[in-house]
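Understanding the architecture of this molecule
Below, each chain spelled out in residue letters.
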Amino acid sequence: MTTMVAPPWGAVSARRLERQFLAKSARAGTALADVADAMLGTHAQVLSAAELSLGLRADGVTRADVWDALWPTGTAAPPASLVKTHGPRGTVHLLPTRDLAMWCAALPAIPSGAAPFAPDVRLDEERADQVVAAIGAALDGAFLTVDELGEEVVARTGPWAGDLVMPAFQTLWPRWRQVLHRAGQSGALSFGPNRGRKVTYTRPPRFTPLPPEEALRLLVRRYLHAYGPATPQHFARWLAAPAGWARALYDGLAAAGEIEEVRFEGAPAWVVAGDTVFPDGPARDDLLRGVRLLPYFDAYVIAAQPRELLFPGAAYRRALAGGQAGNFPVLLVDGVVAGVWHQRRRGRLTTVTVEPLGRLTARQRRELAARVERVGEVLEARAELVVGEVTTGAHA
């Protein structure tokens with residue numbers, strides 16, 4: 001069978017931008033779960049970044065809408081459509097509630113590397129499972145701070161769970177906390193609204209996980225729909241998974257006819273079987289053209305590959321931290337990274353400093369001003385634009 005040659009970067013980028021609601025924003029009224037779904041999860045280690053990732057893709061959305069989707073209030077409120085929990089790479093994400101059956105079956109099935117803790121610190125599998133079960137039971141119908149949750153875990157397992165042996169931030173955490181992310185990835189834990197300045201945890205809505213093999217198959221197909229053509233190595237990097245495991249997974253799906261190989265930028269890559277239509281000509285140019293702002297760890301800059309094409313030339317040196325994407329909010333111009341930006345809030349004013357890596361045209365400057373105004377709308381603040389050097393460091 002002849003391997004299809006995929007179109008060049010521009011057409012691939014245009015298709016990804018369209019599917020990510022970055023070429024054209026989702027219309028007012030589009031469910032935020034649909035937007036998060038298109039991104040394959042919204043990175044939310046910093047919640048304001050997640051608010052921007054969603055709000056900059058959806059007309060009219062503000063941070064209040066994101067909160068309503070996460071933690072509805074009122075007796076007649078609909079169920080939560082988004083869940084804040086541990087997603088890909090063990091990092092905090094906003095995931096559609098309806099997709100937990102996939103995520104919480106696929107993520108625990110990904111092989112993990114060697115435990116980072118000494119043998120006398122780490123939990124063996126039996127005790128790790130006990131802790132996860134205790135977390136789920138303690139959080140069922142409750143909102144607990146980490147200290148309150150720790151007391152419940154120790155009471156339900158044993159004193160060993162509370163031993164202060166886990167090195168963290170120049171102090172020691174109790175042993176049980178090393179599987180906090182596992183509890184999130186398996187559906188035993190999610191984040192609740194803050195209690196003052198304290199984080200709370202709760203249990204997400206009940207669901208029945210998919211069989212792990214089905215969940216992984218679905219995850220690969222959805223990843224390739226959003227970010228394909230892509231290689232097993234790209235998929236592994238996105239998940240922080242072993243490359244060999246990802247290759248075997250792709251091989252199985254290719255043999256089953258669920259994905260197909262294409263040639264992309266001179267190398268083999270994969271798409272969902274039959275998903276080989278890419279925009280071309282004026283349609284491609286319309287999708288690519290424009291100025292966009294993406295916040296810290298936006299899903300697009302994390303998952304879109306090859307990274308050297310998304311971050312060309314000076315952008316690779318300026319907007320990446322040791323090759324890692326996401327540490328700087330980025331300016332996209334015509335589909336590629338062309339600068340960095342930073343926003344500093346003081347009361348109702350947020351100052352957005354944008355550092356372009358090249359000259360912007362008058363039209364692009366006007367569009368940038370409109371994008372900055374939209375940042376303010378999402379964050380429910382008044383935004384002012386400053387074009388100049390960003391002096392803050394990575395992830396500042």
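Here's what I pulled together on the structure shown here. Remember, it's a predicted structure, so these values are computed and weren't measured experimentally.

**A few points about the nonpolar core**
- In terms of nonpolar packing, the biggest core is built from 106 residues, with Leu149, Tyr223, Phe235, Trp238 and Phe311 touching the most fellow members.
- Examining the composition of this core, we find that eight residues originate from one element, helix 9 (residues 212-227), more than from any other.
- Excluding anything up to four places from it in sequence, Phe235 contacts Leu219, Val220, Tyr223, Trp245, Ala246, Leu249 and Tyr250.
- One finds Leu56, Trp341, Leu368 and Val375 within the second-largest nonpolar core, a separate group that totals 16 residues.

**So, the sheet that holds strand 2 (residues 42-43)**
- Overall, antiparallel pairing links the three strands, which are arranged 2-4-3 in an open sheet. Looking at the sheet topology across the chains shown, the edges are occupied by strand 2 and strand 3 (82-86).
- With five bridges connecting them, strand 3 and strand 4 (residues 92-96) associate as antiparallel partners. When the bridges of strand 4 are listed, Val83 appears paired with Leu95.
- Contacts between helix 2 (residues 32-39) and the sheet are confined to strand 2, strand 3 and strand 4, with strand 4 contributing the most and set at about 120° to the helix.

**Notes on helix 4 (residues 63-70)**
- Those residues of helix 4 not exposed but buried are Val66, Ala69 and Leu70. Summarising the axial view, the buried residues of helix 4 lie within an arc of 100°, below the 170-degree limit, and thus occupy one face.

**A word on the packing of aromatic side chains**
- The final tally for this structure, using the stated rule, is 11 aromatic pairs.
- With a centroid separation of 6.4 Å and 20° between ring planes, the pair formed by Phe235 and Trp245 is classed as stacked. Placement of Phe235 in helix 10 (residues 232-239) and of Trp245 in helix 11 (residues 243-255) is noted, with a sequence separation of 10 residues between them. The exposure classification of Phe235 matches that of Trp245, with both residues buried.
- Put simply, the rings of Trp103, Tyr223, Tyr227, Phe235, Trp238, Trp245, Tyr250 and Trp270 pair up and form one aromatic cluster.
- Lying across the ring of Trp160, Arg127 places its NZ or CZ 4.2 Å from the centre.
- In this structure, Arg318 packs its charged tip against the face of Phe328, placed 5.3 Å from the ring centre.

**Notes on the sheet that holds strand 10 (residues 267-272)**
- The strand order 1-9-10 describes an open sheet built from three strands, whose pairing is mixed. The two strands at the open ends of the sheet, each matched to only one other strand, are strand 1 (4-5) and strand 10.
- Direction of pairing for strand 1 relative to strand 9 (residues 259-264): parallel, over a ladder of two bridges. Of the residues in strand 9, the one forming a bridge with Val5 is Arg263.

**Concerning the pattern of salt bridges**
- Tallied over the full model, the rule gives 23 salt bridges.
- Among the salt bridges present, the one from Arg284 reaches Asp280, with a minimum N-O distance of 3.0 Å.
- The exposure class of Arg284 is partly exposed, given its relative accessible area of 22%.
- Among the residues examined, Asp280 registers a relative accessible area of 54% and is labelled exposed.
- With a closest N to O distance of 3.1 Å, Asp286 and Arg289 form a salt bridge.
- Counted as one network, the salt bridges with shared partners bring together Asp34, Asp37, Arg98, Asp99 and Arg222.

**Some thoughts on unusual backbone geometry**
- Look at the link from Gly228 to Pro229: it is a cis peptide, with omega at 0°.
- Assignment of secondary structure puts Pro229 in the loop between helix 9 and helix 10.
- The linkage connecting Gln305 with the following residue, Pro306, adopts the cis geometry, with an omega of 0°.
- Position of Pro306 among the secondary structure elements: in the loop between helix 13 (299-303) and helix 14 (307-310).
- The phi angle at Gln170 is positive, at roughly 65°, despite the residue not being glycine.
- Mapping Gln170 onto the fold places it in the loop between strand 5 (164-168) and strand 6 (171-174).

**Quick look at helix 11**
- Spanning 13 residues, helix 11 covers 18 Å between terminal C-alpha atoms, matching the ideal 18 Å at 1.5 Å per step.
- Here helix 11 has its buried residues at Trp245, Ala246, Leu249, Tyr250 and Leu253. For helix 11, the angular spread of buried residues about the axis comes to 135°, placing them on one side. Exposed and facing more than 90 degrees away from the buried side of helix 11 are Asp251 and Ala255.
- Where the residues of helix 11 are buried, they touch helix 9, helix 10, strand 9 and strand 10.
- Count one or two residues on from helix 11 and you reach Gly257, which has phi positive near 80°.

**Considering the environment of Ala14**
- Secondary-structure assignment places Ala14 in helix 1 (residues 9-19).
- Relative accessible area serves as the criterion here: at 0%, Ala14 is assigned to the buried category.
- Note: C-alpha distance between Ala14 and Ala283 (269 residues apart in sequence) is 8.8 Å.
- In this structure, Ala14 is in contact with Pro279, Arg284, Leu287 and Leu288, ignoring residues within four places of it in sequence.

Cut-offs used in this document
Residues numbered from 1 in each chain as written. Predicted model: local features only at pLDDT ≥ 70, side-chain atom pairs only at ≥ 80, totals over all residues. Heavy atoms only, no water. Core = buried A, V, L, I, M, F, W, Y, C linked by side-chain atoms within 4.5 Å. Buried < 20%, exposed > 50% of the residue type's maximum accessible area, 1.4 Å probe, protein only. Helix = DSSP H or I, 4+ residues; strand = E, 2+ residues; numbered from the N terminus. Contact = heavy atoms within 4.5 Å. Pairing = 2+ DSSP bridges. Axes fitted to C-alpha atoms, helices over the stretch in contact; angles between N-to-C directions. Arc of directions from axis to C-beta. Phe/Tyr/Trp six-rings, centres within 6.5 Å; stacked < 30°, edge-to-face > 60°. Lys NZ or Arg CZ within 6 Å of the ring centre and 35° of its normal. Salt bridge = Lys/Arg side-chain N within 4 Å of Asp/Glu carboxyl O. Expected span 1.5 Å × (residues − 1).

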